[in-house]
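Topology and contacts: notes
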Amino acid sequence: MPSEGFQIPKRQEVQVKSPKQRSTMKVPVAILRLPRGPDGSSRGFDPHSPRFQALGPSSLPSGACKDTANLEQEQQARVALRERYLRSLLAMVGQPVNFIMYEKVNVTALFGASDIDILNFQVSELQTPLGIQREALLRCSDIIAYSFEL
Amino acid sequence: FIQTLYESLILDSILLANPLENGKVSVLVVLGHAVQDIEIVTERDDEIKEKLAHLFMAGKSQTYNQEELDRRKNRLKNWLEKNHIPVREQGESQTTLCVAGVLTIDPPYGPEDCNSSNEIILCRVQGLIQSYLALQQ
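Residues numbered from 1 in each chain as written. Chains lettered and ligands numbered in written order. Predicted model: local features only at pLDDT ≥ 70, side-chain atom pairs only at ≥ 80, totals over all residues. Heavy atoms only, no water.

Chain B has the name Gem-associated protein 6 in an unreviewed UniProt entry, where Python bivittatus is given as its organism.

As recorded by an unreviewed UniProt entry, chain A carries the name Gem-associated protein 7 isoform X1 and is attributed to Python bivittatus.

For the rest of this paragraph, the subject is the side chain of T96(B). Residue and element names in this part refer to chain B. Looking at where T96 falls in the secondary structure, it is placed in strand β5 (residues 96-99). A polar side-chain atom of T96 sits 3.2 Å from a polar atom in the side chain of D106. Once residues within four sequence positions are removed from consideration, T96 is found in contact with R88, E89, Q90, T104, I105 and D106. (Helix = DSSP H or I, 4+ residues; strand = E, 2+ residues; numbered from the N terminus. Polar contact = N/O pair within 3.5 Å; in protein donor to acceptor, adjacent residues only side chain to side chain. Contact = heavy atoms within 4.5 Å.)

Caution applies to low-pLDDT regions: their predicted coordinates should not be interpreted in detail. Residues and elements named next belong to chain B. For chain B, mean pLDDT is 78; residues scoring 70 or higher make up 86% of the total. When pLDDT is averaged over each helix and strand of chain B, the minimum, 41, is found for strand β1 (residues 4-8) and the maximum, 89, for strand β6 (residues 103-105). Ignoring residues within four places in sequence, the model shows residues 1-11, a span with pLDDT below 50, making 45 contacts including any to other chains. Scoring the predicted complex yields pTM 0.67 and, for the interface, ipTM 0.72. (pLDDT = per-residue confidence, 0-100.)

Here is the structure:
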């Protein structure tokens, strides 16, 4: 029977590992940032996180002086600008994009996606001087500017 | 060579749109950390401002009248309620649907009109709307 054939090597493997060995196993890579799930106030992220502190209400000039009328206006302006920027990223998906990076590096790739904080871009067919890289992640901090046609 | 200084936003990145001769638009984006100084050379007229506002809003060209939008809104609201999704109307003239207080759906109430800072909820609701639209066709 196929199920028995599968179970036998599994049993052997369990016998090899003693519980003591398992408890001393280390995490192979340090976890830099583990996002928390949505909380009760449902902002979707932790108010004490560096990201919230960088982008949250306290980062707005009008937020610091508790000017509620201005705060709302500024938030609205930010919403409009963020939406437009995110839509510009959407418009860029699948298009060839030219990236101007530091040290006079100038590469072309097909844009794929960006992470939520716009820290990394995922690209395909990255044309480097050493050849084409099928898939790659570009750190946004390494990019000075990028251009594409619409 | 850059004709229009366009917009800035999160991380203060600057988008520069430059119309090409073949009708396309070349867009250059300078990332916020690389921006040293901004100088507005001239303010553009309203026609160009309007054009820029719709630059990335492709596919939003279809227009609906008020009656049609109301009908779309109510049908979607019923569908979401049927799926046990808490939804209410908000905004100045109650045109925006708000799901569980964390996601908004603006007219014309398609999957692309959802806004949320929570990508998990956003993905679920967009999926729901897509299946709802597929069901209607």
